[in-house]
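Listed here are the chains, written in short residue letters.
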Amino acid sequence: MRKIAFTDIHGCIQSFEALLDQVKPTKNDRLFFLGDYIDRGPDSKAVLDKLLALRQNGYHLTCLMGNHDQELLISLDDLERREFWLKRWGGNKTLESFGVDRPEAIPAKYLDFLEELKWVHCEDDYILVHAGLNFYTEDPLLPHPDMLTLRNWYHTTNYEWLGNRKIIHGHSPKPREHICERFLALDDFKILDIDAGCYAVHLPGLGHLCAFDMTNKELYFQKNTDEMNWK
Ligand SMILES: [Mn+2]
């Protein structure tokens, strides 16, 4: 049995399928998704369909909330945030993939899936979260908006509190080489960002989807194979 983490698929279904072909998960494995399933990439609906199908077919999935996933939910009621989500966050791509013109027209089973996402998950010695932990709060493991949006927070880490645990997160795209370097230092540094910037094929070093096998301490990378259509 392996425990494997994925993050920031952002609608890149072909890249995700290709990464799964590499990782070859079985129904004995535990799959963890650290959020941002949607936006920017070509087929957010297909990514959600894939996750729902895996679960339906008996795979063990734990799915966490990302800021993009949350923004879609906020956009259901907040029209100002909706405009921003559609134009600046790639939410338009998500609506296109569903063939709808507003988020409330997305079928309920997808919205329910997003509503039910956890914000943080502890597994063995690992703390899994989309963006990071706010160490200025009394209990960094209590759900907090910062978990979905933090950047450049490493210097705030309370290593005494963390103990032997390691934090695995996504949200801030990093070049593949950088992730490999940090991975080698994981026992000391205890934090690993596995977002290899799948959607960001236009930026040097990015454009990969990463999976981290927490059981065997192994990284997988898949180069983006989706047709990225930047507007
Ligand atoms: Mn994010």
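As a starting point, this report considers the structure included with it. Note that the structure is a prediction, hence the values are computed from the model and not measured.

## Observations concerning the overall build of the protein chain
Regarding its fold elements, the protein chain presents 10 helices and nine strands. With the C-alpha coordinates of the protein chain rotated into their principal frame, the extents come out at 50 × 40 × 35 Å. Expressed as a percentage of its 231 residues, the buried residues of the protein chain come to 39%. Look at the contacts in the protein chain between residues 6 or more apart in sequence, and 69% of them connect residues 24 or more apart.

## A word on the sheet that holds strand 4 (residues 120–123)
In space, the four strands of this open sheet follow the order 4-5-6-7, with mixed pairing throughout. On the outer flanks of this sheet lie strand 4 and strand 7 (191–193), each paired with one strand and no other. Neighbouring strand axes in the sheet, compared pairwise and without regard to direction, differ in orientation by 20 degrees on average. Here four bridges tie strand 4 to strand 5 (residues 126–129), and the two strands are oriented antiparallel to one another. Paired with V120 across the strands is V129, a residue of strand 5.

## Observations regarding helix 3 (residues 67–75)
If you check which residues of helix 3 are buried, you get H68, D69, Q70, E71, L72 and S75. Structurally, helix 3 contributes buried residues whose contacts are with helix 4 (79–88), helix 5 (91–98), helix 6 (108–115) and helix 7 (146–149).

## Focus on the nonpolar core
Proteins that are soluble and globular tend to have nonpolar side chains buried together. Counting 48 residues, the largest nonpolar core has A5, L128, V129 and F212 as the members making the most contacts within it. Residue contributions to this core peak at four residues, all from strand 8 (residues 208–213). F212 has contacts with I4, A5, I168, L192, I194 and L219, leaving out every residue within four places of it along the chain.

## Quick notes on the sheet that holds strand 8
Spatial strand order, 3-2-1-8-9: five strands in an open sheet with mixed pairing. Only two strands of the sheet have a single partner each, and these edge strands are strand 3 (60–63) and strand 9 (218–223). Across this sheet, the average inter-strand angle for adjacent strands is 20 degrees, counted without regard to direction. Inspection of the sheet shows strand 2 (residues 30–33) paired to strand 3 by four bridges, in the parallel sense. Paired with L31 across the two strands is L61, which belongs to strand 3. Sheet strands touched by helix 9 (residues 176–184): strand 8 and strand 9. Its angle to strand 9, the strand with the most contacts, is close to 175 degrees.

## Digging into unusual backbone geometry
Even without being glycine, K24 reaches a positive phi, approximately 50 degrees. With respect to the helices and strands, the residue K24 is situated in the loop between helix 1 (13–23) and strand 2. A count of 9 C-beta atoms within 10 Å places K24 in the exposed class. At N152, a position not held by glycine, the phi torsion is positive, near 50 degrees. Structurally, N152 can be placed in the loop between helix 7 and helix 8 (159–162).

## A look at the pairing of strand 6 (residues 166–169)
With three bridges joining them, strand 5 and strand 6 adopt parallel strand pairing. Paired with L128 across the two strands is I168, which belongs to strand 6. The pairing of strand 6 with strand 7 spans three bridges and is parallel. Paired with I167 across the two strands is I191, which belongs to strand 7.

Thresholds, definitions, all that
- Residues numbered from 1 in each chain as written.
- Predicted model: local features only at pLDDT ≥ 70, side-chain atom pairs only at ≥ 80, totals over all residues.
- Helix = DSSP H or I, 4+ residues; strand = E, 2+ residues; numbered from the N terminus.
- Buried ≥ 20, exposed ≤ 12 C-beta atoms within 10 Å, placed from the backbone.
- Contact = placed C-beta atoms within 7 Å.
- Pairing = 2+ DSSP bridges.
- Axes fitted to C-alpha atoms, helices over the stretch in contact; angles between N-to-C directions.
- Core = buried A, V, L, I, M, F, W, Y, C linked by C-beta atoms within 7 Å.

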